[in-house]
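# Summary of the model geometry
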Amino acid sequence: VTLSEGARAGTGRELGMLDSLLSLGGLVLLRDSVEWEGRSLLKAIVKKSALCGEQVHILGCEVSEEEFREGFDSNINNRLVYHDFFRDPLNWSKTEEALPGGPLGALRAICKRTDAGPVTIALDSLSWLLLHLPCTTLCQALHAVSHQDSCPGNSSPVGKVSVLGLLHEELHGPGPVGALSSLAQTEVTLGGTKGQASAHILCRRPRQRPTDQTQWFSILPDFSLDLQEGPSVESQPCSDPHIPPVDPTTHLTFNLHLSKKEREARDSLILPFQFSSEKQQALLRPRPGQATSHIFYEPDAYDDLDQEDPDDDLDI
Amino acid sequence: MAAVATCGSGAGSTGSAVATASKSNVTSFQRRGPRASGTDDSGPRLVSIAGTRPSVRNGQLLVSTGLPALDQLLGGGLAIGTVLLIEEDKYNIYSPLLFKCFLAEGIVNGHTLLVASAKEDPANILQELPAPLLDDNNKKEFDEDVYNHKTPESNIKMKIAWRYQLLPKMEIGPVSSRFGHYYDASKRIPQELIEASNWHGFFLPEKISSTLKVEPWSLTPGYIKLLQFIQNIIYEEGFDGSNPQKKQRNVLRIGIQNLGSPLWGDDICCAENGSNSHSLTKFLYVLRGLLRTSLSACIITMPTHLIQNKAIIARVTNLSDIVIGLESFIGSERETNPLYKDYHGLIHIRQIPRLNNLICDESDVKDLAFKLKRKLFTIEQPFQFLNEK
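Residues numbered from 1 in each chain as written. Chains lettered and ligands numbered in written order. Predicted model: local features only at pLDDT ≥ 70, side-chain atom pairs only at ≥ 80, totals over all residues. Heavy atoms only, no water.

### What to know about the overall build of chain A
- Within chain A one finds 11 helices and 9 strands.
- In chain A, which comprises 316 residues, the share counted as buried stands at 37%.
- On chain A, roughly 20,100 Å² of surface is accessible, and the fraction owed to carbon and sulfur atoms is 56%. (Helix = DSSP H or I, 4+ residues; strand = E, 2+ residues; numbered from the N terminus. Buried < 20%, exposed > 50% of the residue type's maximum accessible area, 1.4 Å probe, protein only. Areas by Shrake-Rupley, 256 points an atom, 1.4 Å probe, with all protein chains shown as cover.)

In structure tokens, the structure reads:
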């Protein structure tokens, strides 16, 4: 078995999490940083769900539409429904095709139009939305969008809605990031070592323990996802082979282990503060050695020998 | 004879205090005469509402929180008119269980429920309540289960750390069958119990459809609507004694989920110095006023680990009566700690109220851990580690 075959077998087993991020539905938070950028992973996931036949809507706020569509081939580009908020975020040109209500209005409109079928909404990026909208409004809108399918009383069968949001965690304080991650069903934090990217995936299923997994991956130029094993073991620094590990328990002047006899003796020992029946009997029995101890005392001038007459003025 | 009389009048005074609220007399001492419509025996009768009992320590009327172990820690139960605040654990797995046990206890006792949430529809919350173990056989089985787990520990004598044997142990005392029930977290409550109960739901996204302009000195609109809703229910159903013709007094159990999270429109979890950082504290103050003047008890779960300003947490603690913090071991380094291997988390009793008392009713045990063992949620003292040599 060559190393590549073994690696492929390994990735076949762990295919679960990173590939099926959107299968749970709800809000998927993609947290990236300056060192490990997340837009390529976002595009890879978008490409995958477009190829699966889902409806994909993109809310583009941070980069232009040309830059986002770059790298996708034409059949994927035809399936993406792009809502552009980069060119004219405040709608100053007052064109008719702009959706009213800004990005949040667009979100709500997408959900109202949904017919049966899973929908993926990619938010590029949540950081832009957090900087332009109050955090509470954004949280309420995301919650309403991602939980639309959980209402049992809906008349029309609404498909599963997944919202994929890119969050640059270095731009925000712990407050908004904590609030959004408490709302998210899945949280993917990007990291890595030595040129290999990893995704730490935390899945919060409702009423169950959260599960987490670290998946090493790389994005190919056509934005398909390549899952990999972790970095090779030889790259880790090993201890110097010339110095043997020291065992501190050798050459001691005291005994660390008890022999069997010693252990029995210790178990049968009665501790001084434990009151057992033997001790009680020993105390109640008159002690044979009592006669051998005497107390010699000489009263001095200030001692009071008569306990009943403290002032010494009774004349009896 | 005299003892019986004082006992009767002591319990009767709670009832007469309730009756006084409705008649608004100056004094709370009243001669209890025979009821006009009642029986013809002339002794004082206890006003007993199902599922409540007077506290043996200070005479307050108590309701069960749904977990007998927790009732024991709080000195018998939750006093009517008070707020129980639960600080949620980080992944919000165990606090919904306490919340649901409280509501399920209300359904089993026939109390009226008011469920408020911004996250889930209250009807869905009620569908997921745990099933009560009303059968005595089942209850015995779980009692044995709990005690079997405890007896091996008490049989091991502490040899070296012998002083710890003298520490007071937490006992789950005998629970009367009318106050406090055990719940099976793996089964759902039967549908007919839910339908037979009287409940009101408040789901925030339905009540607030448009974004209103919020003045910085006032409460968040979500909180205002919730307070108005609670006040309406209390007034209409007569929990504050405003309808003296009501035939049977009942208790209102209010449950508010995830209060303070951004879904309620409050930004204390998002920013350290938000625009309405006093909204939550004002809400709690008005809520406590509503509760003190009515026969109701409230449970609130709050994600305090998300609140950015620690001063707000301190204010919230002062404005609530009982505060319990849940800390689960998931994801923390304590999960692999062998001391805590049997448990799922720690439970911290942060505050217990002094109701008509000079001292509060704390139990002697301080470090407690909880675990969700198969179906039962138990609270125990983890002291076995002291016995390891």
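Now that the structure has been shown, we can carry on.
### Focus on the pattern of salt bridges
Residue and element names in this part refer to chain A.
- With the rule as written, the count across this model stands at 14 salt bridges over all chains.
- The partner of Lys47 in a salt bridge is Asp222, and the shortest N-O contact between them spans 3.6 Å. Within this pair, whereas Lys47 is found in helix H3 (residues 39–51), its partner Asp222 is found in the loop between strand E8 (211–219) and strand E9 (225–228), the two being separated by 175 residues in sequence.
- Lys260 is the partner of Glu264 in a salt bridge, and the nearest nitrogen-oxygen pair spans 3.2 Å. You can see Glu264 and its partner Lys260 sitting in helix H10 (residues 260–267), 4 residues apart, about one turn around the helix.
- On the basis of relative accessible area, Glu264 is assigned to the partly exposed category, the value being 47%. (Salt bridge = Lys/Arg side-chain N within 4 Å of Asp/Glu carboxyl O.)

### Let's talk about the pairing of strand E2 (residues 55–60) of chain A
Residue and element names in this part refer to chain A.
- Most of E2 sits out of view: 5 of its 6 residues are buried.
- Note: E2 against strand E4 (residues 119–124), 6 bridges, orientation parallel. Counterpart to Val56 in the pairing with E4 is Thr120. (Pairing = 2+ DSSP bridges.)

### A word on the packing of helix H9 (residues 279–292) of chain B against helix H10 (residues 310–319) of chain B
Residues and elements named next belong to chain B.
- The geometry of H9 relative to H10 is characterised by a closest axis approach of 10 Å and an angle of 0° between their N-to-C directions. Here H10 runs roughly parallel to H9, going by the angle between their axes. Two secondary-structure elements touch here, H9 through Leu280, Thr281, Leu284, Tyr285 and Arg288 and H10 through Arg315, Val316, Asn318 and Leu319.
- For the contact of H9 with H10, a count of residues per class yields 5 nonpolar, 2 polar and 2 charged. (Axes fitted to C-alpha atoms, helices over the stretch in contact; angles between N-to-C directions. Parallel < 35°, antiparallel > 145°, perpendicular 65-115°, else oblique. Contact = heavy atoms within 4.5 Å. Nonpolar A, V, L, I, M, F, W, Y, C, P; charged D, E, K, R; others polar.)

### Let's talk about the confidence of the model for chain A
Residue and element names in this part refer to chain A.
- Summing up the model confidence of chain A, the mean pLDDT is 79 and the portion of residues at 70 or higher is 82%.
- For residues 1–15, every residue scores under 50 in pLDDT, and the model assigns this stretch 9 contacts once sequence neighbours within four places are set aside.
- With pLDDT under 50 throughout, residues 151–156 is counted as low confidence; its partners more than four residues away or in other chains account for 2 contacts. (pLDDT = per-residue confidence, 0-100.)

### With respect to the nonpolar core
- By size, the foremost hydrophobic cluster in this structure holds 72 residues, and its most contacted members are Ile121 of chain A together with Ile256, Leu259, Trp264, Phe283 and Leu287 of chain B.
- Counting residues in hydrophobic clusters, the runner-up holds 45 residues, among them Leu74, Leu97, Leu129 and Phe370 of chain B. (Core = buried A, V, L, I, M, F, W, Y, C linked by side-chain atoms within 4.5 Å.)

### Observations regarding the sheet that holds strand E1 (residues 26–32) of chain A
Residues and elements named next belong to chain A.
- On the basis of which strands lie adjacent, the open sheet formed by 9 strands has the order E3-E2-E4-E5-E1-E6-E7-E8-E9 and mixed pairing. Pairing within the sheet leaves two strands with one partner each, and these edge strands are strand E3 (80–84) and E9. Pairs of neighbouring strands in the sheet enclose a mean axial angle of 25°, with direction left out of account.
- Here 4 bridges tie E1 to strand E6 (residues 186–193), and the two strands are oriented parallel to one another. Its bridge partner being in E6, Val28 is matched across the sheet by Thr186.

### Regarding the packing of helix H8 (residues 135–146) of chain A against helix H9 (residues 174–183) of chain A
Residue and element names in this part refer to chain A.
- Axis separation between H8 and H9 bottoms out at 11 Å; the angle between their running directions is 10°. Classified by the angle between their axes, H8 and H9 sit roughly parallel to one another. Together, Cys135, Cys139, Leu142 and His143 of H8 and Pro176, Ala179, Leu180 and Leu183 of H9 make up the contact between the two elements.
- For the contact of H8 with H9, the class distribution of residues is 7 nonpolar, 1 polar and no charged.

### A closer look at helix H6 (residues 102–112) of chain A
Residues and elements named next belong to chain A.
- By the criterion of burial, H6 is predominantly enclosed, with 8 of the 11 residues buried.
- For H6, the complete set of buried residues consists of Gly102, Pro103, Leu104, Gly105, Ala106, Leu107, Ile110 and Cys111.
- Turning to H6, the residues buried within the fold contact E2, E3, E4, helix H7 (126–132) and H8.

### A short note on the interface of chain A and chain B
- The partner chain B presents 26 residues to the 25 residues of chain A that form the contact.
- Inspection of the chain A/chain B interface yields 0 salt bridges.
- When contributions to the side of chain A that touches chain B are tallied by element, the ones reaching two or more residues are H8, H9 and H10 of chain A.
- When residues in the side of chain A that touches chain B are grouped by element, the largest group, 7 residues, is from H9 of chain A.
- Tallied by class, the residues present in the side of chain A that touches chain B amount to 11 nonpolar, 9 polar and 5 charged.

### A few points about the packing of aromatic side chains
- In total, this model carries 8 aromatic pairs over all chains according to the counting rule given.
- Their ring planes at 40° and their centres at 6.2 Å tell us that Tyr223 of chain B and Trp264 of chain B sit as a pair that is tilted. Within this pair, whereas Tyr223 of chain B is found in helix H8 (residues 221–236), its partner Trp264 of chain B is found in the loop between strand E9 (252–256) and H9, the two being separated by 41 residues in sequence.
- Under the relative-accessibility criterion, Tyr223 of chain B is labelled buried at 0%.
- Trp264 of chain B gets classed as buried once you look at its relative accessible area, which sits at 1%.
- Taken together through their ring pairs, the aromatic side chains of Phe202, Tyr223, Phe229, Trp264 and Phe283 of chain B make up a single cluster.
- Geometry around Phe72 of chain A places Lys43 of chain A over its ring, the cationic atom sitting 5.6 Å from the centre. (Phe/Tyr/Trp six-rings, centres within 6.5 Å; stacked < 30°, edge-to-face > 60°. Lys NZ or Arg CZ within 6 Å of the ring centre and 35° of its normal.)

### Quick word on the environment of Ala123 of chain B
- Counting through the fold element by element, Ala123 of chain B comes out in helix H4 (residues 122–127).
- Between the alpha carbons of Ala123 of chain B and Ile194 of chain B there is a distance of 9.7 Å; along the sequence they are 71 residues apart.

### As for the pairing of strand E5 (residues 161–168) of chain A
Residues and elements named next belong to chain A.
- In terms of burial, E5 is largely enclosed, as 8 of its 8 residues are buried.
- Every second residue of E5 is oriented toward a common face, with Val161, Val163, Gly165 and Leu167 on one face and Ser162, Leu164, Leu166 and His168 on the other, all of them buried.
- With 7 bridges connecting them, E1 and E5 associate as parallel partners. Bridging across to E5, Asp32 finds its partner in His168.
- As judged from the 5 bridges shared by E4 and E5, these two strands associate in the parallel manner. Note that in E5 the partner of Ile121 across the bridge is Val163.

### Some thoughts on the sheet that holds strand E13 (residues 368–373) of chain B
All names here are of chain B.
- In space, the 9 strands of this open sheet follow the order E8-E5-E9-E10-E4-E11-E12-E13-E14, with mixed pairing throughout. Of all strands in the sheet, those bounded by a partner on one side alone are strand E8 (199–203) and strand E14 (376–380). Averaged over all pairs of adjacent strands, the angle between strand axes in this sheet comes to 20°, irrespective of strand direction.
- Alignment of E13 against E14, held across 5 bridges, turns out to be antiparallel.

### Remarks on H8 of chain B
All names here are of chain B.
- An ideal rise of 1.5 Å per residue puts 22 Å on 16 residues; H8 measures up with 22 Å between its terminal C-alpha atoms.
- Looking only at H8, the buried set comprises Pro221, Gly222, Tyr223, Leu226, Leu227, Phe229, Ile230, Ile233 and Ile234.
- Once H8 ends, the next one or two residues include Gly238, with phi positive near 75°. (Expected span 1.5 Å × (residues − 1).)

### Digging into a negative patch on the surface
- The grouping of Asp300, Asp303, Asp304, Asp306, Glu308, Asp311, Asp312 and Asp313 of chain A at the surface amounts to a negative patch.
- Along the chain, the position of Asp304 of chain A falls in the segment after helix H11 (277–284). (Patch = residues over 30% accessible without salt bridge, like charges linked within 9 Å, V, L, I, M, F, W, Y side chains within 5 Å. Lys, Arg positive; Asp, Glu negative; His and termini not counted. Charge placed at Lys NZ, Arg CZ, Asp CG, Glu CD.)

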